[in-house]
Amino acid sequence: MQLFDKIRTEIVNATKRQFGSSIEPGSIPVGPTKKEFEGDMTVVIFPLVKLLRKSPVEIGHLFGEHLQKHVAAIESFNVVQGFINLTLTETFWKQFLKDNVHNDQFGRAPKNGEKVMIEFSSPNTNKPLHLGHIRNILLGWSCSKILECVGYEVVKVQVINDRGIAICKSMLAWQRYGNGETPESSGKKGDHLVGEYYVKFEKVFVEEYEAWQKGEAAGALFDERKDKSQSRDDFFKAYKNKYFNEYSALGEAAREMLIKWENNDEEVKSLWSTMNGWVYSGFDATYDRLGVNFDKLYYESDTWKLGKDEVLEGVRKNVFFKKEDGSIWVDLSTLGMDEKILLRADGTSVYMTQDIGTAMSRYRDYGIDHMVYVVADEQNYHFKVLFQILELLEEPYAEGLYHLAYGMVDLPSGKMKSREGTVVDADDLIDDVIAEAKKVASERGDLEGLTEAEKDEIFRRIGMAALKYFILKVNPQKRMTFDPEASVDMQGTTGPYIQNAYVRIRSIGRKLEGAIGDPADYEGIADSEKTLLLQLFLYPEVVKKAAADYDPSGIANYLYDLAKNYHRFYHDLPILNADDGAKSFRITLNQLVANVLTHGMDLLGIEMPDRM
RNA sequence: GGUCCUAUAGCUCAACUGGAUAGAGCAGCUGCCUUCUAAGCAGCAGGUUUCAGGUUCGAGUCCUGAUGGGAUCACCA
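First things first, this report covers the structure right here in the doc. (Residues numbered from 1 in each chain as written. Chains lettered and ligands numbered in written order. Predicted model: local features only at pLDDT ≥ 70, side-chain atom pairs only at ≥ 80, totals over all residues. Heavy atoms only, no water.)

1. Details of helix 6 (residues 165–177)
Here is step 1: With 13 residues, helix 6 ought to run about 18 Å at 1.5 Å a step, and its terminal C-alpha atoms sit 18 Å apart, in line with that.
Here is step 2: Listed as buried for helix 6 are Ile-167, Cys-168, Lys-169, Ser-170, Met-171, Leu-172, Ala-173 and Trp-174.
Here is step 3: Packing partners of the buried residues in helix 6 comprise helix 8 (190–213), helix 10 (232–246), helix 11 (249–262) and helix 12 (266–290).
Here is step 4: At the exit of helix 6 stands Asn-179, carrying a positive phi of roughly 50 degrees. (Helix = DSSP H or I, 4+ residues; strand = E, 2+ residues; numbered from the N terminus. Expected span 1.5 Å × (residues − 1). Buried < 20%, exposed > 50% of the residue type's maximum accessible area, 1.4 Å probe, protein only. Contact = heavy atoms within 4.5 Å.)

If you want it as structure tokens, here you go:
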């Protein structure tokens, strides 16, 4: 913020003039004053004590006087220990309010000419979206809004994992047990329908596996096992994948289907596109309800062969090396990582190969400066390796790569496990929060005179606000506990609490009659007004920091504080019934608060209702 | 076992990246609707920031170690 910079610059000037020492402006902490102390802004001068060899209080007074003289906005100051607390003039605050109430660029930064691509969601097409995807999607969406707000050109993309053994499992189960069921014939949402067949496959497979465990071959294997202390259950639990790949008839059928797919078998491909089509229409419906969209979709079926040529090129450049069996590797052991395979001996690629190729083609297509991958933190190592490889290959955008790693979402009962059926489905969750919003709003809301459609829209906005805010208020990198009961809460630190502050402002707006005067005519700004002004003043900084950290939670917490301070102001002071000067000032303040609340919530992907 | 992440009130989360007396919400207990929406406001209670050392004017934050929890260490994606 300009004022912060100005204060820092003057501290630097004073240090130079009075002590002949030069210091970095960035080394001086300046921030809002804690509310127990008198003042608006605080400068911490402890860092200068050693250099200047004077007591903190002496320096404080010296610099306080200097600041007062050279910064017009400063009315007075006091010194406590090593802190200079500055009080700003009422003129400054009134000007701030007038300057920004109609400034639609407040909180935004001009275009910076840089382009960032952000990848998020990235579902598999064998089952519907769940709570984990929701955290991913909300983070990705919010970050893209925030980055755009601070001046980046943003390209939102998702990778759709539409091929591989998983989708073959759903297809096989549908073929065998589906009796031609379609979303139309059953009335089921496409992604849910396909997901049901995936579950069906797993169920039949487990039955097959359990029957096999009772047979002679399995008994012999168990007797030969290396770790004699292992129980029978543990042994077969660990053996499951191997059984799938080596003994299972079902597994073999699924693998055959995958091979047919890779060989472009007409029947398999046709079933594949039909079933994926069902899934896509299901996903689209969910994305729509979440209010998100993408600029570009990458289908793995198109990109899975990418990267081979680049890896071979890397061998020629001696960045990678070839082993005796013909497989290609990268050695990262000098960087504290392991060797990593990039191409199998038979020339087929692995996950990493594809990611290398995809990154390069994205750069070719879009000329991006930055690339953000929103992917769960279980893949931290993968991205560390990927970024290192791209750096070794001297890719021009290598410095601009960022893995936005977020923690897993747990339930109060523990980890979500698809095998145990404890996964929270995205659509169910959305239904629940909207139903709860409807219930609460019907009891407590003030929605008289609205049509059913208007009411439904309000219920939707409130419910979605509860859900989105609940997830986004938590720092992304932290693992979070998702309590379904708490997520539909509408009191306290919640989305609806913030919406309520806005709704109160709107309600006053509807009741306001006639034009208001100049807010600058008001004298004697009250504490609860000053608190709001100070906080509004900090908004652009909050957005900037959120962008720098790729972290929407800072904005979420800021908005809660702002709403809280507004509720207090609303409670303490009359607005419509105030004297003319106070009324003009408070109405204007109302407007700026409403603007910032709306703008900030929009950065979180949350819409405001006019009434609730 | 190696590497990385994490530990703050009964529960869920904050703490301006080293600054002042660690803050909110939920749950519990008290008050406040004939004044602009009570989805609100005010108050009470709740803490040796997992533990042990260290660095300095100053540590929840940085360093070392221990302990608990998690992730990862596939020619799966």
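Once the structure has been displayed, the description carries forward.
2. Quick notes on the packing of helix 5 (residues 131–149) against helix 21 (residues 527–549)
Here is step 1: Helix 21 packs onto helix 5 with a crossing angle of 120 degrees between their chain directions and a minimal axis gap of 9 Å. Comparing their axes, helix 21 and helix 5 come out oblique. Relative to helix 21, helix 5 is oriented so that their crossing is left-handed. Along the contact surface, helix 5 presents Ile-146, Leu-147 and Cys-149, while helix 21 presents Val-543, Ala-546 and Ala-547.
Here is step 2: When grouped by side-chain class, the residues that make up the contact of helix 5 with helix 21 number six nonpolar, no polar and no charged. (Axes fitted to C-alpha atoms, helices over the stretch in contact; angles between N-to-C directions. Parallel < 35°, antiparallel > 145°, perpendicular 65-115°, else oblique. Left-handed = near helix turned anticlockwise from the far one by under 90°. Nonpolar A, V, L, I, M, F, W, Y, C, P; charged D, E, K, R; others polar.)

3. Looking at unusual backbone geometry
Phi is mostly negative for residues that are not glycine, and the peptide bonds are mostly trans.
Here is step 1: One non-glycine residue, Asn-318, lies in positive phi territory at about 65 degrees.
Here is step 2: The phi dihedral of Tyr-550 is positive, around 50 degrees, even though this residue is not glycine.
Here is step 3: The residue Tyr-550 is located in the loop between helix 21 and helix 22 (553–572) in this model.

4. Describing the sheet that holds strand 8 (residues 321–322)
For sheets, the rule is that strands pair by backbone hydrogen bonds, running either parallel or antiparallel.
Here is step 1: Strand order in the open sheet formed by three strands is 8-9-10, with antiparallel pairing between adjacent strands. Looking at which strands have only one partner, the edges of the open sheet turn out to be strand 8 and strand 10 (339–343).
Here is step 2: Looking at chain direction, strand 8 and strand 9 (residues 328–331) are connected through two bridges and run antiparallel. When the sheet's bridge partners are listed, Lys-322 is paired in strand 9 with Ile-328.
Here is step 3: Along the sheet, helix 14 (residues 308–316) makes contact with strand 9 and strand 10, crossing strand 10 at roughly 125 degrees. (Pairing = 2+ DSSP bridges.)

5. As for the sheet that holds strand 15 (residues 480–481)
Here is step 1: Read across the sheet, three strands follow the order 14-13-15 without closing on themselves; strand pairing throughout is mixed. Each of the sheet's edge strands pairs with one partner strand only, and the pair in question is strand 14 (414–415) and strand 15.
Here is step 2: Bridge count between strand 13 (residues 409–411) and strand 15: two bridges; the pairing is parallel. What sits directly across from Asp-410, in strand 15, is Thr-481.

6. Some words on a positive patch on the surface
Here is step 1: A surface patch of like charges, here positive, comprises Lys-34, Lys-35, Lys-564 and Arg-568.
Here is step 2: Take Lys-35: it is sitting in the loop between strand 1 (30–32) and strand 2 (41–44).
Here is step 3: The exposed category is assigned to Lys-35, whose relative accessible area is 79%. (Patch = residues over 30% accessible without salt bridge, like charges linked within 9 Å, V, L, I, M, F, W, Y side chains within 5 Å. Areas by Shrake-Rupley, 256 points an atom, 1.4 Å probe, with all protein chains shown as cover. Salt bridge = Lys/Arg side-chain N within 4 Å of Asp/Glu carboxyl O. Lys, Arg positive; Asp, Glu negative; His and termini not counted. Charge placed at Lys NZ, Arg CZ, Asp CG, Glu CD.)

7. A short note on empty space enclosed by the protein
Here is step 1: On inspection of all chains with the given rule, the structure shows two cavities of 30 Å³ or more.
Here is step 2: Taken as a whole, the largest cavity spans an internal volume of roughly 40 Å³.
Here is step 3: As for the largest cavity, its lining consists of Arg-460, Arg-461, Met-464, Ala-465, Lys-468, Gly-605, Ile-606 and Glu-607.
Here is step 4: In this structure, the second largest cavity occupies an estimated 30 Å³ of space. (1 Å grid on protein atoms, 1.4 Å probe; cavity = no way out; pocket = protein on both sides within 12 Å on 5 of 7 lines; lining within 4 Å. Points joined across faces, edges and corners; volume = space filled by probe spheres on them.)

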